[in-house]
Amino acid sequence: MIYRSPYPYYGGKSKIAAAIWKRLGTPRNYVEPFLGSAAVLLARPDPDWRGAVETVNDANGYIANFWRALQADPDRVAYYAEWPINENDLHARHWWLINRREHLRARLEGDADWFDAQAAGWWVWGMAAWIGSGFCETNGPWVQIDGKLVKQGGGVARQRIHAG
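Cut-offs used in this document
Residues numbered from 1 in each chain as written. Predicted model: local features only at pLDDT ≥ 70, side-chain atom pairs only at ≥ 80, totals over all residues. Heavy atoms only, no water. Helix = DSSP H or I, 4+ residues; strand = E, 2+ residues; numbered from the N terminus. Buried < 20%, exposed > 50% of the residue type's maximum accessible area, 1.4 Å probe, protein only. Contact = heavy atoms within 4.5 Å. Lys, Arg positive; Asp, Glu negative; His and termini not counted. Salt bridge = Lys/Arg side-chain N within 4 Å of Asp/Glu carboxyl O. Axes fitted to C-alpha atoms, helices over the stretch in contact; angles between N-to-C directions. Parallel < 35°, antiparallel > 145°, perpendicular 65-115°, else oblique. Left-handed = near helix turned anticlockwise from the far one by under 90°. Nonpolar A, V, L, I, M, F, W, Y, C, P; charged D, E, K, R; others polar.

Is there a simple way to think about the overall build of the protein chain in this case?
Within the protein chain, the regular secondary structure consists of seven helices and five strands. Written out in order from the N terminus, the α and β elements of the protein chain read α-β-α-β-α-α-α-α-α-β-β-β. Within the protein chain, the proportion of its 164 residues that are buried is 33%. Pairs at least 24 apart in sequence give 63% of the contacts found in the protein chain among residues at least 6 apart.

Shown next as structure tokens:
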């Protein structure tokens, strides 16, 4: 059975996964240095992979947290991921996640059992809602001032979200 990633990943290898496996054959030791959406690993055609060593890595802590949280508490991850898509929440959750990036990475590296189901759910929700690359990868020209998202540029800060 071939599985698909539960989230899109800009620059992912899902479209060429079959070609990769055709060239790899049935390796007993598979190393994925840039996991991303895990598209290649999940598309592994060999149903009898037991006994094979699979090593995956990605410097992106959101990816590691998602898979760890999904394994440990899938219902809680689903609770946070199930939400209608709207731009206000997309930007708010993007910033919430960006502001916790270093804390998330430090906790993941310091405790093999730790995970954050809310961050996992909001991250996978955002990955599905975001257009193109950049979700939780960069702050861009935006900064958060007094709880408002403000765009910096041209010497003038323009508010993204206006208080009404």
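Is there a simple way to think about the side chain of Arg-93 in this case?
Structurally, Arg-93 is set in helix H5 (residues 87-98). We note that Arg-93 is buried and unpaired, the nearest opposite charge coming from Asp-89 at a distance of 4.7 Å.

So what exactly am I meant to see when it comes to the environment of Pro-45 here?
On the secondary structure map, Pro-45 appears in the loop between helix H2 (39-42) and strand S2 (53-56). Put simply, Pro-45 and Ala-18 are 27 residues apart on the chain and 8.0 Å apart in space, counted from C-alpha to C-alpha.

Would you take a moment to explain the packing of helix H3 (residues 61-72) against helix H6 (residues 101-110) for this structure?
Packed helices, taken two at a time, are described by the angle between their axes plus the distance between the axes. Axis separation between H3 and H6 bottoms out at 9 Å; the angle between their running directions is 55°. Taken together, the axes of H3 and H6 are oblique relative to one another. Note that H3 runs across H6; the crossing there is left-handed. Side by side, H3 and H6 meet where Gly-61, Tyr-62, Ala-64, Asn-65 and Arg-68 of the first sit next to Arg-101, Leu-104 and Leu-108 of the second. Of the residues belonging to the contact of H3 with H6, the class tally is four nonpolar, two polar and two charged.

Explain unusual backbone geometry to me, please; I cannot follow it from the model alone.
Most peptide bonds are trans, and most residues other than glycine sit at a negative phi. A positive phi angle is found at Cys-136, which is not glycine, with a value near 65°. Inspection of the secondary structure assignment puts Cys-136 in the loop between helix H7 (117-129) and strand S3 (142-145). If you check the backbone angles, Asp-146 has positive phi at about 50° while not being a glycine. Mapped onto the elements of the fold, Asp-146 is located in the loop between S3 and strand S4 (148-151). Judged by relative accessible area, Asp-146 falls into the exposed class, the value being 76%.

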